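# Architecture at a glance
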Amino acid sequence: MPEQKEKTTCGIGVLAHVDAGKTTLSEALLYTAGARRVLGRVDHQDAFLDTHALERARGITIFSKQALLETAHRRLTLVDTPGHVDFAPEAERTMPVLDCAVLVISGTDGVQAHTLTLWRLLERYHVPTFLFINKMDLPTVEKGKLLDTLHRELSPACVDFGEDFGVIAENAAMCDEALLETYLETGTVTVGNLRGLIEQRKLFPCCFGSALKLDGVEKLREILDVYAPEKEYRQDFGAKVYKISRDPQGNRLTWMKLTGGELKVRAPLTYKNAKGENVEEKVLQLRSYSGDKFTAPETAEAGELVAVTGLTQTWAGQSLGAEPEGRKSTLEPVMTYRVRLPAGADPAVVLPKLRLLEEEEPQLRLLWENGQIHVQIMGRVQLEIFQALVKQRFGLDVELDDRRIFYKETIENTVEGVGHFEPLRHYAEVHLLLEPLPRGSGLVFGTMCPTDVLDGNYQKLILTHLCEKVHRGVLTGAPITDMKITLLVGKAHLKHTEGGDFRQATYRAVRQGLMQAKSVLLEPWYDFILTVPTEQIGRGITDIRAMGGEFEAPETSGTLSTLRGLVPAAEVKDYAEVLAAYTQGLGRLQLTLHGYAPCHNAEAVIAGTAYDPEADLDNTPDSVFCAHGAGFNVKWDQVKDYMHLESGLKEEKSPSLLTRNLHIEDKELEAIMEREFGAIRRPQYGVKAENRPATEEITIAPPKNKYLIVDGYNIIFAWEELSELARSDLDAARRRLCDIMSSYAGYTKCRTVVVFDGYKQKGNPGEKSQFHNIQVVYTKEGETADAYIEALVYETGGSYAVRVATSDALVQLSSFHSGALRVSARELKIEVEAAQKEMREHFRK
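Now for a look at the structure at hand. In this text the structure is predicted, and so the values were computed from the model without any measurement.

If you tally the helices and strands in the protein chain, you get 25 helices and 39 strands. Relative to its 845 residues, the protein chain shows a buried fraction of 49%. If you take every contact in the protein chain between residues at least 6 apart in sequence, the share linking residues at least 24 apart comes to 71%. Of the accessible surface of the protein chain, which amounts to about 42,400 Å², a share of 50% is contributed by carbon and sulfur atoms.

With that settled, consider the packing of aromatic side chains. Scanning the entire structure with this criterion turns up ten aromatic pairs. Here the aromatic rings of Tyr289 and Phe294 are separated by 5.1 Å at their centres, their planes lie at 45°, and the arrangement is tilted. Given a relative accessible area of 37%, Phe294 falls into the partly exposed group. On the basis of an interplanar angle of 65° and a centroid distance of 5.8 Å, the ring pair of Phe632 and Tyr642 is categorised as edge-to-face. Taken together, the residues Phe632 in strand β33 (residues 630–634) and Tyr642 in helix α18 (residues 639–642) connect sequence positions ten residues apart. By relative accessible area, Phe632 is classed as partly exposed at 30%. Taken together, the ring pairs in this structure connect Trp255, Tyr289 and Phe294 into an aromatic cluster. Against the face of Phe294 rests Arg287, its NZ or CZ located 4.4 Å from the ring centre.

The subject of this paragraph is helix α22 (residues 730–748). End to end, α22 covers 27 Å across 19 residues, agreeing with the expected 27 Å (1.5 Å per residue, within 8%). For α22, every residue scored as buried is listed here: Ala732, Ala733, Arg734, Leu737, Cys738, Ile740, Met741, Ser742, Tyr744, Ala745 and Thr748. Note on α22: the residue one or two positions beyond its end, Lys749, has a positive phi of about 55°.

The strand order β2-β3-β1-β4-β5-β7-β6 describes an open sheet built from seven strands, whose pairing is mixed. Each edge of the sheet is formed by a strand with only one pairing partner; in this case those strands are β2 (65–70) and β6 (158–160). Going across the sheet, the axis of each strand differs from the next one's by a mean of 25°, ignoring polarity. Relative to strand β3 (residues 74–80), strand β1 (residues 8–16) runs parallel, the two sharing seven bridges. Paired with Gly13 across the two strands is Val79, which belongs to β3.

Basis of the calculations
Residues numbered from 1 in each chain as written. Predicted model: local features only at pLDDT ≥ 70, side-chain atom pairs only at ≥ 80, totals over all residues. Heavy atoms only, no water. Helix = DSSP H or I, 4+ residues; strand = E, 2+ residues; numbered from the N terminus. Buried < 20%, exposed > 50% of the residue type's maximum accessible area, 1.4 Å probe, protein only. Contact = heavy atoms within 4.5 Å. Areas by Shrake-Rupley, 256 points an atom, 1.4 Å probe, with all protein chains shown as cover. Phe/Tyr/Trp six-rings, centres within 6.5 Å; stacked < 30°, edge-to-face > 60°. Lys NZ or Arg CZ within 6 Å of the ring centre and 35° of its normal. Expected span 1.5 Å × (residues − 1). Pairing = 2+ DSSP bridges. Axes fitted to C-alpha atoms, helices over the stretch in contact; angles between N-to-C directions.

Shape is all these values report; function is a separate question.
Here it is in structure tokens:
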């Protein structure tokens, strides 16, 4: 007998608009596959996957669950997700770990607003999708009309897989040009062809039936068995975390899909926590769940979805091992409420407890403002669930009030923000470029600062500080979004820069840039579908206009009319209740988050907030400079007059008189010169010296000898190999630099002085010594290398062609004013390497 092929693993998500029959379909799949002996029902409160008491009481799915079943060729992990729009982020978090999805659509309701949201998310995460059109047993449902709706609303590639294979093959071939050519030439389409199109999201199989009556369920299971994608996984360990939860005993569970290799019990796992710190922990237990029951295998393999105990700092959306970082979630709450605690409850004690819920539901964001707890929530249903969970888990009866819209801010123009932090014995300066991005881009951070200007480690530190904080706008104090923040230049001090200095400079640079920019207030907008009796469509249009909404021309079908468009979330409020009242329950309002757009009443919102950005001391735009041994505050609009580095923005300057092409004739130019400076006396070449007047003697000065001054520590920390050596042995790095410069000076015949800063060394008298053919200077206590170099340039500039090698902008500036030429650390390195190459060539010859 031929060897039977091993069953492949496949994770399938079940998604739908609320009340489309999603959980009923999951129960039917488990029952018909033999995974359950009894068919559970939502209305009977015995559904296998709705295990939480709140889910059974409300008849809706709140938390994603998984169940195991097998088909002829597959081991399927079914992931049942919430259908209510308030819990859509929970559904979105499962998508990166799905091999494919079943999107359930109600035959009576058709494609709903939330269906379109789920469809866009499945497209975003490139999840191959099957469609199950449910409730086909009801008399008002017509299959042909539904298929036309799917083609119009979702994709023309939706194909009925209930037909004969020949019809399926012909319809599928129309979805791909290459397959159509093959079909026209050979007249055949293979199962592999169809599976490939499904995996590329070029084909969407549709199955019609009734989950409650088990009609079409067996057919769907067969379609999944044959056409679900067959994934190949890497050998190296990789995993994607999609959920954090706790079991009834309080054990923390990290839910993940293995995307490569294997994971064993008691195996050490190294990962980065939310702060970017390395963490190493052991896997205590692996759990393979089906409903609320689990088995505990010793090993989990690629493709499996498991819950892991023993990991204390993982987070939803995290990538482990070789798994690359994924996309950020797009759905987010738009309402903020104040959490009112019962009498006697200390907010500071309650907050860490509520953080546990935030960890399990990342979109449930907690904020701490002026000693009070605030929470961001998607909608009313999630609000009620939050209250119930707090009561159940922590025994607290909390109330939510002070409902506010969660605004954001962005900018319209490009600006440079400067932050300087220099109280006594501290130093950091940061220049950031703030640029606007398209709506929905979020915040993007980067750097264009050369490492010879600022060490790479300091640059990483600045980027970390940009990521770690919620940066506030200057209109209402709302978080900023949709902009790119790039590090232009920065400066540290070898002795004085400490850990938190760049944090302060970075925060201040962001705020200083925002104060200069033209800011825009953003508010959340909903996509809405308003359905009312035709005779009341005028009232609906009037209401939407009053809310500041935008809409298309109404569509009429039978006795109902539909209005589609956009409306500000702030204006919707309790309109669903108003709608039900004036339509006697016949009207329907569907809302899905469209995204953030300019606020329709920005002036009123800004005035009502009365936010003063200069009075917000936690987010100050001002900088701190140092003079006469003490720090002093400089207002944000004066910072550029005090900053130590030149602007990182290259401004285009209007052409000056010297750079314009004036097209002046030689004689005209000569006349101008004589008028301004007197007669031009030219040497009389060919005339003997004794016959030439004394006033016409030509004296050609001999070329000046070369003199190079090297800012020692600046060069050491700008050159990568020396910087690395200095971390372990600074003295060795100094000697190595002196060796390099000694060879360079000997070959180029350039007098060279290397200056090291001894400013902070107490009792240091300073030192000047000869190192082979170069001079080495250690400045005395209280004297910086900057000051010594400036004095040395002034002293030697008249007799030598002086150059100063440094990437310190202040030293470069003072050298330039003293008549010396400036050489950056990078340019010096190129010169040294060129000299070394010439020396090798010389000795080789």
